[in-house]
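# Overview (structure and organization)
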Amino acid sequence: MTPTKSYKPVFLSILLLLLICFIANISLGSVFIPWSDTLKSLIGGSVEKESWRHIIIDYRLPKAITAIIVGCGLGVSGLLMQTMFRNPLAGPFVLGISSGATLGVAILILSSTFTGIAFSTFLVSKWGLVIAASLGSILVLFAVVVVSAKVRDTMAILIIGLMFGSITSAIVSVLSYFAPANQLQQYVFWEFGSLGNLSWYDVLIFFGISLLGMLLAVLSIKPLNTLLLGENYARSLGLNIQKSRFLIIIATGLLAGSVTAFAGPIAFIGLAVPHLTRLLFHTSNHKTLIPAVLLLGSIIMLICDSIAQLPSSEYTLPINAITSLIGAPVVIWLLVRKRKMLF
């Protein structure tokens, strides 16, 4: 029996749980909508209140799909980084990609104190922030790719990525120190992360970029499994380390960079989901891990978003805080219970 077939009952159970979380996420919010009306809205049936259909189709459904894309992207990119660096503490932002996106947004929002230029409302709008974050992450990604072509040691790339993150964080700190209160508040709100600011058009673009990153991750399955044996052994098996490393870095950049650009810097998911997946499936085979991470990342993001919405309340908590507050204790408990981390 192949490994994929042996996990079929587990995958079916997780798919069912994903469907339940998806429906629940759409039903919950400041206005509670019964599950029956939620399902009717999704399939085009008649609902008790027409306003419910508008809430579901134009707001909650794009937000739920965004949560799934974010969970998939962060989970897979975290898995790629942990395997490439063979480091359980590596996450999707270890290369400094998130820091680059943060720097781009910080320069856009906070730099008027230094430049004397107040950016127009358009530039500081949603798409202005997305473009600034994308340019920042692309710049750092390009620098990491150039470095990776010149450095043979993978751990050196990890350290260089952390140094890029430190440099950008220092620049952001200086900009924040001199920024006016209103600009600093806008920047802090962006850092909280948000899943609910995307239209259907935005979601489509976000999905397209993430899909490209997912395809590159799937193409990396064989190299990832080989890298588990160690770089020297992988090289002796004929694996092109430079080419594989480049493919993995580009995939991570597309996934983590697009998430940060469209939803903000969301913590925990990329670090924890791969560990949860390994503990659940008891395997290091990426042919099983990648689809499992896609599903579990989606489920965890939907659950965190449902909690952040504070059902039946007009308030919404920052998604970035919920992912850490809810997820970190769960991972600690699982690791302590297992006593040994599969890696």
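Residues numbered from 1 in each chain as written. Predicted model: local features only at pLDDT ≥ 70, side-chain atom pairs only at ≥ 80, totals over all residues. Heavy atoms only, no water.

## Description of the overall build of the protein
Helix and strand counts for the protein come out as 16 helices and zero strands. By the compact-globule yardstick of 20 Å for 343 residues, the protein fits well, its C-alpha radius of gyration being 21 Å. Here the protein holds 343 residues, and 50% of them are scored as buried. When the accessible surface of the protein is split by element, carbon and sulfur atoms take 71% of a total near 16200 Å². The distance from the centre of the 21 positive side-chain charges to the centre of the 10 negative ones in the protein is 19 Å. (Helix = DSSP H or I, 4+ residues; strand = E, 2+ residues; numbered from the N terminus. Rg over C-alpha atoms; globule rule 2.2 N^0.38 Å. Buried < 20%, exposed > 50% of the residue type's maximum accessible area, 1.4 Å probe, protein only. Areas by Shrake-Rupley, 256 points an atom, 1.4 Å probe, with all protein chains shown as cover. Lys, Arg positive; Asp, Glu negative; His and termini not counted. Charge placed at Lys NZ, Arg CZ, Asp CG, Glu CD.)

## Describing unusual backbone geometry
Leaving glycine out, the prevailing phi sign among residues is negative, and the prevailing peptide bond configuration is trans. The backbone of Arg 86 shows a phi angle near 50 degrees, a positive value even though the residue is not glycine. Summarising the element assignment, Arg 86 is placed in the loop between α4 (50-85) and α5 (97-110). The class for Arg 86 is partly exposed, based on a relative accessible area of 40%. Although it is not a glycine, Phe 268 sits at a positive phi angle of roughly 75 degrees.

## Remarks on the environment of Ser 220
Residue position: Ser 220 is located in the loop between α10 (200-219) and α11 (221-227). Judged by its relative accessible area of 0%, Ser 220 falls in the buried class. Counting along the chain gives 140 residues from Ser 220 to Leu 80, while the straight-line C-alpha distance between them is 8.8 Å.

## Concerning the packing of aromatic side chains
In this structure the tally under the stated criterion is six aromatic pairs. Through pairs of rings, three or more aromatic residues link up here, namely Tyr 7, Phe 11 and Phe 281. (Phe/Tyr/Trp six-rings, centres within 6.5 Å; stacked < 30°, edge-to-face > 60°.)

## Things to note about helix α15 (residues 286-308)
Compared with an ideal rise of 1.5 Å per residue, which puts 23 residues at 33 Å, α15 spans 31 Å between its outermost C-alpha atoms and is within 8% of the ideal. The opening residue of α15, the one whose side-chain oxygen lies 3.0 Å from the backbone nitrogen of Lys 287, is Asn 285. Of the residues one or two after α15, Leu 310 is the one with positive phi, at around 50 degrees. (Expected span 1.5 Å × (residues − 1). Polar contact = N/O pair within 3.5 Å; in protein donor to acceptor, adjacent residues only side chain to side chain.)

## Quick look at the pattern of salt bridges
Two side chains that carry opposite charge are able to pair once their charged atoms sit near each other. Counted under the stated rule, the structure contains four salt bridges. Measuring nitrogen to oxygen at the nearest pair gives 2.9 Å for the salt bridge that ties Lys 63 to Asp 305. Placement of the pair is Lys 63 in helix α4 and Asp 305 in helix α15, with a sequence separation of 242 residues. Each member of the pair Lys 63 and Asp 305 is classed as buried. Beyond isolated ion pairs, a larger network of salt bridges with shared partners links Glu 231, Arg 235 and Arg 245. (Salt bridge = Lys/Arg side-chain N within 4 Å of Asp/Glu carboxyl O.)

## Digging into the state of the cysteines
Following the criterion strictly, the structure yields zero disulfides and no others. Considering cysteine sulfurs only, Cys 304 is the nearest to Cys 21, which forms no disulfide, with 10 Å between them. On the basis of relative accessible area, Cys 21 is assigned to the buried category, the value being 11%. The structure places no disulfide on Cys 72, whose sulfur is separated from the nearest cysteine sulfur, that of Cys 21, by 13 Å. In this structure Cys 72 comes out as buried when scored by relative accessible area, which is 12%. (Disulfide = S-S within 2.5 Å.)

## Observations concerning the side chain of Ser 27
Structurally, Ser 27 is set in helix α2 (residues 8-27). In this structure the side chain of Ser 27 is engaged in a polar contact, spanning 2.9 Å, whose partner is the backbone oxygen of Ile 23. Excluding anything up to four places from it in sequence, Ser 27 contacts Phe 32, Ile 33, Trp 35, Thr 38 and Arg 60. (Contact = heavy atoms within 4.5 Å.)

## Observations concerning a nonpolar patch on the surface
A contiguous nonpolar surface patch, about 500 Å² in accessible area, is contributed by Leu 16, Leu 19, Ile 20, Phe 32 and Trp 35. Looking at the nonpolar patch element by element, the count peaks at three residues for α2. Here Phe 32 is to be found in the loop between α2 and α3 (35-43). (Patch = residues over 30% accessible without salt bridge, like charges linked within 9 Å, V, L, I, M, F, W, Y side chains within 5 Å.)

## Remarks on the side chain of Lys 63
A relative accessible area of 4% means that Lys 63 is categorised as buried. A polar contact of 2.9 Å, which involves the side chain of Lys 63, links it to the side chain of Asp 305. Look past the residues within four positions of Lys 63 in its chain and what remains in contact with it is Asn 25, Leu 195, Gly 196, Asp 305 and Gln 309.

## A look at the nonpolar core
Core analysis: the largest hydrophobic core is formed by 93 residues, its most contacted members being Val 70, Phe 85, Leu 95 and Ile 266. Broken down by element, the residue count for this core peaks at 15 residues, all from α4. If sequence neighbours within four positions are ignored, Val 70 has contacts with Leu 195, Phe 206, Val 259, Ala 263, Ile 266 and Met 301. (Core = buried A, V, L, I, M, F, W, Y, C linked by side-chain atoms within 4.5 Å.)

## What about helix α13 (residues 241-263)?
End to end, α13 covers 32 Å across 23 residues, agreeing with the expected 33 Å (1.5 Å per residue, within 8%). Its side-chain oxygen 3.3 Å from the backbone nitrogen of Gln 242, Asn 240 forms the N-cap of α13. Of the residues flanking the end of α13, it is Gly 264, one or two places downstream, whose phi is positive at about 90 degrees.

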